[in-house]
Amino acid sequence: MRLRTVLATVTAGLAAATCLSAAGPATATTTNTTTNSACSPSVSIDGFSDALDKTTFGGYFVGNLSALAVDKDGSLAALADRSYLFDLDAKTLAPEKAVGLADENGAALDSEGLAVDRDGTRLITSETEPSVRRYSADGRILDRLPVPSSLLVSPAGRATSNQTFEGLTLLNGGRTLLASMEDAISGDTPGTVRFQTWRRTRGDHFELSAQYAYRTDDPALGVPEVQALPDGRLLVLERGFTSGVGNTVRLFLADPRHATDTRGIGNLTGQTGVHLIRKTLLTDIATCPSLGATARQPQPNPLLDNIEGMVVTGHAKGRYQVLLVSDDNQNAAQTTRFYRLSVRVR
């Protein structure tokens, strides 16, 4: 995907920690930290892993990772935007299976968003059209969801290629599917991003439902991922990149429950009466301790890279365990890195 640019304004404190960063198979992925692990009052970082960086499995390059999801058996599904899907061990992150994906004509996807449904099938977005398809665990297409015409890539619609469905999550006990656009469509105010939902129908199909508007902190920031919490709120990532400066990645708590349904509004230009998704900053990842991480290109914090995937892996003692992953774009200057966060929300 194309990265948008934004000036990063925050530098990070440093903390000494031992972390796994080998470029080969691993049996452990993070080191827990007991001191100075706070990124903010709401978020702390428990560790990171570079163990899968620039590795291969089953003939596939282990990288280009754009999304994560928890599978029915507790393992992790990791989606690569080059049209393939890995199964990872939840503890070690070691790859256990790889499956290639394609569209109805056998062509590769620009696969970006992932949700595992209750029957174990995979809901996967491709952002060139954009599309949402349902796949079996072995990569067969089972269904394709409708997409509003305005969200299709120009000239069919008003969206820009590679700036469409990036995030995907199931909420309301699996009754609702939500996809986040990465960037604004033509005619909407820059930085105003549409979140599209579908409602589950009989036979586990989905039909178009409400649409909401979310505004990023800066028009140069996009939305690479969303994850639902049990109460209907969302964790939302905002991300940007500035050459020579590095990445900006911020984590927000967002609440779509009282937002205006915007599917009947042609242009979102800040008009009165339209209630955006409310959001609260949880942390800027640049403020996390670096834990001894190194970066291959300039970064405001060497821990940072092109973070693109996120999944909630557990909940205990009032905090959610959240796993992030960066997309290295199969680039020698970037790193496939996993991050384990502890997130408290009120």
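Residues numbered from 1 in each chain as written. Predicted model: local features only at pLDDT ≥ 70, side-chain atom pairs only at ≥ 80, totals over all residues. Heavy atoms only, no water.

A. Geometry of the overall build of the protein chain. Counting secondary structure elements, the protein chain contains zero helices and 22 strands. For the protein chain, the proportion of its 346 residues judged to be buried stands at 59%. Considering only residue pairs separated by 6 or more positions, the protein chain has 57% of its internal contacts joining residues 24 or more positions apart. When the accessible surface of the protein chain is summed, it comes to about 13,300 Å², and 51% of that surface belongs to carbon and sulfur atoms. (Helix = DSSP H or I, 4+ residues; strand = E, 2+ residues; numbered from the N terminus. Buried < 20%, exposed > 50% of the residue type's maximum accessible area, 1.4 Å probe, protein only. Contact = heavy atoms within 4.5 Å. Areas by Shrake-Rupley, 256 points an atom, 1.4 Å probe, with all protein chains shown as cover.)

B. Just the side chain of Asn64, in detail. Residue placement: Asn64 occurs in the loop between β3 (60–62) and β4 (65–70). A relative accessible area of 0% places Asn64 in the buried class. Among the polar contacts listed, one links the side chain of Asn64 to the side chain of Gln330, at a separation of 3.0 Å. Dropping the residues within four chain positions of it, Asn64 is found in contact with Leu79, Ala80, Asp81, Arg82, Tyr84, Asp327, Asp328, Asn329 and Gln330. (Polar contact = N/O pair within 3.5 Å; in protein donor to acceptor, adjacent residues only side chain to side chain.)

C. Highlighting the state of the cysteines. In this structure the tally under the stated criterion is one disulfide. Cys39 shares a disulfide with Cys288; S-S distance 2.0 Å. In this structure, the disulfide formed by Cys39 and Cys288 twists by about 110° around the S-S bond and is classed as right-handed. Of this pair, Cys39 sits in the segment before β1 (43–49) while Cys288 sits in the loop between β19 (278–284) and β20 (307–316); the two residues are 249 residues apart in sequence, bridging distant segments of the chain. On the accessibility criterion, Cys288 (0% relative accessible area) is buried. (Disulfide = S-S within 2.5 Å.)

D. Spatial organisation of the sheet that holds β1. Here four strands make up an open sheet; going across it, the order is β1-β22-β21-β20 and the pairing antiparallel. Looking at the sheet topology across the chains shown, the edges are occupied by β1 and β20. On average, each strand axis in the sheet is inclined to that of its neighbour by 20°, with strand direction left out of account. Across six bridges, strand β21 (residues 319–326) lies against strand β22 (residues 338–343) in antiparallel orientation. Residue pairing in the sheet places Tyr320 in a bridge with Val343 of β22. (Pairing = 2+ DSSP bridges. Axes fitted to C-alpha atoms, helices over the stretch in contact; angles between N-to-C directions.)

E. Main features of the pairing of strand β11 (residues 141–144). Sheet topology note: the strand β10 (residues 131–135)/β11 ladder contains three bridges and is antiparallel. Residue pairing across strands places Tyr135 opposite Ile141, the latter belonging to β11. The loop that links β10 with its antiparallel partner β11 comprises five residues; one of these, Gly139, has a positive phi angle of about 95°.

F. Just unusual backbone geometry, in detail. With omega at -10°, the peptide bond leading from Glu129 into Pro130 counts as cis. The residue Pro130 is located in the loop between β9 (122–126) and β10 in this model. Cis geometry is found at the peptide bond from Ser154 to Pro155, where omega equals 10°. As for its position among the elements, Pro155 is in the loop between β11 and β12 (165–171). Of note in this structure, Lys54 is not a glycine but carries a positive phi near 60°. Mapped onto the elements of the fold, Lys54 is located in the loop between β1 and β2 (55–57). Taking the relative accessible area as the measure of exposure, Lys54 reaches 31% and is therefore partly exposed. Phi at Asn329 is positive, roughly 55°, even though this residue is not glycine. Topologically, Asn329 is positioned in the loop between β21 and β22. Classification of Asn329 by relative accessible area gives buried; the value is 19%.

G. Layout of the environment of Gly266. When you line up the elements, Gly266 lands in the loop between β18 (246–255) and β19. Sequence separation between Gly266 and Gly187 is 79 residues; the distance between their C-alpha atoms is 7.9 Å. Apart from the residues lying within four places of it in its own chain, the contact partners of Gly266 are Arg158, Asp188 and Arg194.

H. Main features of the pattern of salt bridges. By the definition in use, this model includes 29 salt bridges. Salt bridges here are not isolated pairs; linked through shared partners, they connect Asp117, Arg118, Arg134, Arg200 and Asp204. (Salt bridge = Lys/Arg side-chain N within 4 Å of Asp/Glu carboxyl O.)

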